[in-house]
Amino acid sequence: MYSVRKLFLEGDIPMNCYFIERNNKCFIVDPGYYKERIIEYVKEEGLEVIGILLTHAHIDHIGALDCFPVPIYLHELEYDVLFDDYKNGFEFFEKQKSYDLDDLNIKTINEDTLLKIDEYEISVIHTPGHTIGGVCYKIGHDLYVGDTLFEGSVGRWDRPTADLSQLKTSVLKLIEEQEEYIIIHPGHGNSSTIGTEKSINQYYKEWKYEFLNN
Ligand SMILES: [Zn+2]
């Protein structure tokens, strides 16, 4: 079977890096910081990394992008965010990337892309709003939501390429269309479920009300 593997990384902005693992092969979701720590974890656990999945290209999700020489997947609309230091936050935080993007194997995806790990499929759900090309990755009953949805909250919409009306649509789409038992794994904070968010998330409630009354 499978388990959710989460590596809490305490950088400037503490974040969750995840490993989607099947039979010791894995995808890394959002290697935010601490390349050595990620490499050490993979070694200790005897994993073989087959790819890196980005929910979006903000600085706190891509700091260790060169941790393994494997394909890096991100939404086609997010490509520009990855390469533009104004849009991805490197300029804002006055940091430099520790790698050259031209040396990395970057592959763009969209909702038609179907990724596989052994016989399991990972589907891509485009959820713009926090950034223009933000996505969620779904495998089984687990949904990796990046910074679109948090336990009791949602992602911020005040950074470059963010769009509040798109974020509202994405959050409503996730909570309305996904089954209540689906477990969400956000880029920051605790995991939750779609059902829990449906009953406690004030942003969802407010936006749903707004949607119904417009
Ligand atoms: Zn973000």
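Just above, that's the structure.
These notes cover the structure that comes with them. (Residues numbered from 1 in each chain as written. Predicted model: local features only at pLDDT ≥ 70, side-chain atom pairs only at ≥ 80, totals over all residues.)

## Topic: helix 4 (residues 164–177)
- With 14 residues, helix 4 should cover 20 Å at 1.5 Å per step; its first-to-last C-alpha distance of 20 Å lies within 8% of that length.
- Elements in contact with the buried residues of helix 4: strand 9 (135–139), strand 11 (149–150), strand 12 (153–154), helix 5 (194–200) and helix 6 (202–212). (Helix = DSSP H or I, 4+ residues; strand = E, 2+ residues; numbered from the N terminus. Expected span 1.5 Å × (residues − 1). Contact = placed C-beta atoms within 7 Å.)

## Side note on the pairing of strand 10 (residues 142–146)
- Of all five residues in strand 10, four are buried; the element is thus mostly enclosed.
- Summarising the sheet, strand 9 and strand 10 pair through three bridges and their orientation is antiparallel. What sits directly across from Lys138, in strand 10, is Leu143.
- Here strand 9 folds back onto strand 10 in antiparallel fashion, the turn holding two residues, of which Gly140 has a positive phi close to 55 degrees.
- In terms of strand pairing, strand 10 meets strand 13 (residues 183–186) through four bridges, oriented parallel. Each residue of the ladder has a partner; that of Asp142, found in strand 13, is Ile183. (Buried ≥ 20, exposed ≤ 12 C-beta atoms within 10 Å, placed from the backbone. Pairing = 2+ DSSP bridges.)

## Quick notes on the nonpolar core
- One finds Ile28, Val29, Ile52, Leu54, Tyr73 and Val171 to be the most contacted residues of the largest nonpolar core, which totals 49 residues.
- When near neighbours in sequence (up to four residues on either side) are disregarded, Tyr73 contacts Gly51, Ile52, Leu53, Leu54, Lys107, Ile109 and Leu115. (Core = buried A, V, L, I, M, F, W, Y, C linked by C-beta atoms within 7 Å.)

## Describing unusual backbone geometry
- The phi dihedral of Asn24 falls on the positive side, at around 70 degrees, and the residue is not glycine.
- Tracing the backbone through its elements, the reader meets Asn24 in the loop between strand 2 (15–22) and strand 3 (25–29).
- Phi angles above zero are rare outside glycine, and Glu94 is one such case at about 50 degrees.
- The topology assignment puts Glu94 in the loop between helix 3 (79–83) and strand 6 (106–109).
- Given 6 C-beta atoms within a 10 Å radius, Glu94 is considered exposed.

## Some remarks on the sheet that holds strand 10
- On the basis of which strands lie adjacent, the open sheet formed by six strands has the order 7-8-9-10-13-14 and mixed pairing. Strands at the two margins of the open sheet, each flanked by one partner only, are strand 7 (114–117) and strand 14 (192–193).
- With two bridges connecting them, strand 13 and strand 14 associate as antiparallel partners. Of the residues in strand 14, the one forming a bridge with Ile183 is Thr193.

## Quick notes on the sheet that holds strand 4 (residues 48–53)
- Strand order in this open sheet of six strands is 1-2-3-4-5-6, and the pairing throughout is mixed. Edge positions in the sheet fall to strand 1 (5–9) and strand 6, since each has one partner strand and no second. For this sheet the average axis-to-axis angle between neighbouring strands, irrespective of direction, equals 25 degrees.
- Judged from the two bridges that link them, strand 4 and strand 5 (residues 72–75) form a sheet pairing that is parallel. Within strand 5, the residue paired with Ile52 across the bridge is Ile72.
- The sheet strands contacting helix 1 (residues 35–44) are strand 1, strand 2, strand 3 and strand 4, and the helix crosses strand 1 at an angle near 155 degrees. (Axes fitted to C-alpha atoms, helices over the stretch in contact; angles between N-to-C directions.)

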